[in-house]
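# Structural description and commentary
One-letter residues, chain by chain:
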Amino acid sequence: VGLSLRHRFAAGRGYLGAATLGLPVDVTRDAVRRDLEKWSTGTADVVEYTALVESARGHAATLLGTTSDRVAIGATASAFVALAAAAAPPGAEVVVVDGDFASVVRPFLAREDLRVTQVPLAGLAEAVGPDTWMVAYALVQSATGEVADAAAVRSAARDHDVRVLVDTTQATGWLPTTDLDADLTVCHTYKWLCGPRGSAFASFSARAQEEIRPLTAGWYSALDPWASCYGPELDLAPDASRYDLSPAWHAWVGAEAALGFTISLDVAEVHAHGLDLANAFRDRLDLGPSDSAIVAWPDPGGAALAAMTTAGITASGRAGRARVSFHLWNDEEDVDLTATALGR
Ligand SMILES: Cc1ncc(COP(=O)(O)O)c(C=O)c1O
């Protein structure tokens with residue numbers, strides 16, 4: 001029982017690296033190949049690229065439980081976080097998670113005039129107070145796989161009228177992300193969404209759009225980009241597409257196919273599939289069950305990572321831990337191969 005999508009991926013046996021770099025599904029690979037062929041034969045069509053980007057924006061809206069007019073497209077999560085950081089008043093307090101991924105934290109630190117309070121994930125909601133301007137966190141922690149209590153954070157933020165930024169890069173694709181109701185939600189597609197690196201998206205609440213200046217505005221930030229490629233006026237789209245980065249076309253060809261594939265799946269099934277495999281693996285390691293498709297455990301000397309690598313398994317080492325992740329192309333055989341490689 002469960003999902004059987006292995007046949008949609010050219011590789012995958014022993015590939016436990018979704019948290020680092022997802023694998024392209026067949027339709028993504030085919031779309032990218034077709035694009036390369038068109039591009040190299042001089043028949044690529046820039047208007048067609050625009051249509052694909054707009055289709056991808058619609059898919060992204062579906063994944064975040066919002067509408068296309070609230071979604072911006074970009075190239076990295078960190079650049080969207082930077083727009084939020086730029087909007088913070090001098091001296092403002094931003095509460096973040098100690099040990100969170102750098103892209104979620106560094107844009108605030110780089111301001112150097114903000115009060116960045118770093119707290120353990122478990123104390124995130126409690127750390128939000130009346131002096132907080134924004135709370136910013138990854139829904140699933142990159143290094144540990146821990147899943148944040150989004151409802152508790154949102155509730156604390158509401159109590160104190162605090163803005164919420166959620167990075168769903170390690171979540172969207174295996175964990176439902178349609179009910180976050182954050183001011184800014186940012187996501188890069190190259191992990192659990194199986195898109196190419198260089199295709200990211202974000203959703204902006206009405207308040208976020210009021211407060212955040214579109215400092216990355218370019219030709220694509222206009223209401224009708226192709227009709228407004230030149231100055232001198234500030235021609236900004238009235239919706240969140242004012243925050244668009246000029247699209248990396250070749251990446252978005254693959255991303256459009258990847259996101260279309262993802263929204264065709266039942267996220268509850270994908271979620272159960274990843275959790276079942278992760279928990280079967282945890283069981284082999286005598287770790288208790290968890291709620292994450294990412295399994296990370298202490299590996300200070302790197303022996304576990306080395307054993308897995310020697311056995312041909314693609315895993316990763318993060319912050320003194322070994323890390324494996326279970327996604328669409330994995331099955332029980334991957335669990336067995338990996339546990340066996342670890343002598344379990
Ligand atoms: C939580 C999280 N956010 C974002 C990223 C990627 O950041 P960026 O899009 O800035 O490269 C990663 C990559 O590991 C991540 O784990």
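All figures in this text were calculated on a predicted structure; none of them were measured in a lab. All residue numbers refer to position in the chain's written sequence, counted from 1. Per-residue local features of the predicted model are confined to residues with pLDDT of at least 70, and side-chain atom pairs are confined, for both listing and counting, to 80 or more; whole-chain, interface and lining totals are unaffected and use all residues. Side-chain metrics rest on all non-hydrogen atoms present in the structure, leaving aside hydrogens and water.

## As for the sheet that holds strand β4 (residues 132–138)
By this definition, two strands are paired if DSSP reports at least two bridges between them. Each helix is a run of H or I in the DSSP string that is no shorter than four residues. Each strand is a run of E no shorter than two, and both are numbered from the N terminus. The mixed open sheet is built from seven strands, whose spatial order is β1-β7-β6-β5-β4-β2-β3. The open sheet is flanked by β1 (71–74) and β3 (115–119), the only strands paired with a single partner. Across this sheet, the average inter-strand angle for adjacent strands is 20 degrees, counted without regard to direction. The sheet contact formed by strand β2 (residues 93–97) and β3 spans five bridges and is parallel. Within the sheet, the bridge partner assigned to E93 lies in β3 and is R115. Two residues qualify as a contact provided that any one of their heavy atoms is within 4.5 Å of a heavy atom in the partner residue. Note on geometry: axes are lines fitted to C-alpha atoms, helical ones only across the stretch in contact, with angles between N-to-C directions running from 0 to 180 degrees. Packing against the sheet, helix α3 (residues 77–87) makes contact with β1, β4, β5 (163–167), β6 (184–188) and β7 (200–204), and its axis sits at approximately 155 degrees to β6.

## Focus on α3
The buried label goes to any residue with under 20% of its type's maximum accessible area, the exposed label to any with over 50%, and the partly exposed label to all in between, with areas taken from a 1.4 Å probe on protein chains only. Those residues of α3 lying buried are A77, F80, V81, L83, A84 and A85. Of the surrounding secondary structure, the elements contacted by the buried residues of α3 are β1, α4 (102–111), β4, β5, β6 and β7.

## Some details on a nonpolar patch on the surface
A contiguous nonpolar surface patch, about 260 Å² in accessible area, is contributed by V46, V47 and W226. Summarising the element assignment, V46 is placed in helix α2 (residues 46–64). The patch calculation keeps residues exceeding 30% relative accessible area without a salt bridge and links them within 9 Å when they carry like charges or within 5 Å when they are nonpolar (Val, Leu, Ile, Met, Phe, Trp, Tyr). To measure how exposed things are, a 1.4 Å probe is used in the Shrake-Rupley method; for residues, cover is taken only from the protein chains shown. By definition here, a salt bridge exists when the distance from a side-chain nitrogen of Lys or Arg to a carboxyl oxygen of Asp or Glu is within 4 Å.

## Examining the sheet that holds strand β9 (residues 316–318)
Strand order in this open sheet of three strands is β8-β10-β9, and the pairing throughout is antiparallel. Single-partner strands in this sheet number two, and they are β8 (294–298) and β9. Within the sheet, the average angular offset between the axes of one strand and its neighbour, ignoring direction, is 30 degrees. For β8 and strand β10 (residues 321–325), the ladder comprises five bridges, and the chain directions are antiparallel. Of the residues in β10, the one forming a bridge with I294 is S325. Of the strands in this sheet, β8, β9 and β10 are in contact with helix α10 (residues 303–310), which crosses β10 at around 40 degrees.

## Here's the deal with the site of the ligand
A single heavy atom is enough: if one lies within 4 Å of a molecule or strand, its residue is considered near that molecule or strand. Around the ligand, the structure places 14 residues, and the nearest of them are A77, S78, S103, D167 and H188. Q170 places a polar side-chain atom, nitrogen or oxygen, 3.0 Å from an oxygen atom of the ligand. N or O atoms closer than or at 3.5 Å make up a polar contact, with two conditions inside protein: a donor-capable atom paired with an acceptor-capable one, and, for residues adjacent in sequence, both atoms drawn from side chains. R197 is positioned such that a nitrogen or oxygen atom in its side chain is 3.0 Å from an oxygen atom of the ligand. For the ligand, whose unbound accessible area comes to 400 Å², protein coverage reaches 94%. Each residue gets one label: Ala, Val, Leu, Ile, Met, Phe, Trp, Tyr, Cys and Pro are nonpolar, Asp, Glu, Lys and Arg are charged, and the others, such as Gly, are polar. Residue composition of the shell around the ligand, by class: four nonpolar, seven polar and three charged.

## Examining the packing of aromatic side chains
Centres within 6.5 Å make a pair out of two Phe, Tyr or Trp rings, where for Trp the six-membered ring is used; the pair is then stacked when the planes are under 30 degrees apart, edge-to-face when over 60, and tilted otherwise. Applying the stated rule across the entire model yields twelve aromatic pairs. With a centroid separation of 5.1 Å and 5 degrees between ring planes, the pair formed by Y49 and W249 is classed as stacked. You can see Y49 sitting in helix α2 and its partner W249 sitting in helix α8 (residues 249–263), a full 200 residues away along the chain. Summarising the aromatic geometry, the rings of W174 and W192 are spaced 5.9 Å apart at their centres and angled 50 degrees between planes, so their arrangement reads as tilted.

## Considering the packing of α3 against α4
A pair of packed helices is captured by two measures, namely the crossing angle of their axes and the spacing between those axes. Running from amino to carboxyl end, α3 crosses α4 at an angle of 35 degrees, the nearest separation of the two axes being 8 Å. In this structure, the crossing between α3 and α4 has a hand that is right-handed. For the pair α3 and α4, contact is made by S78, V81, A82, A84, A85, A86 and A87 and by S103, V104, P107, F108 and R111, respectively. Two helices that cross are described as forming a left-handed crossing if the nearer one is turned anticlockwise from the farther one by less than a right angle, and a right-handed crossing if clockwise.

## So, the nonpolar core
In summary, soluble globular proteins display a tendency toward joint burial of nonpolar side chains. In terms of nonpolar packing, the biggest core is built from 42 residues, with F9, L124, V135, Y137, L139 and L328 touching the most fellow members. Elements that contribute at least two residues to this core include exactly β2, α5 (124–127), β4, α6 (150–159), β5 and α9 (267–284). If one sorts the elements of this core by residue count, α6 sits on top with four residues. Buried Ala, Val, Leu, Ile, Met, Phe, Trp, Tyr and Cys residues that are joined via side-chain atoms within 4.5 Å together make up what is termed a nonpolar core.

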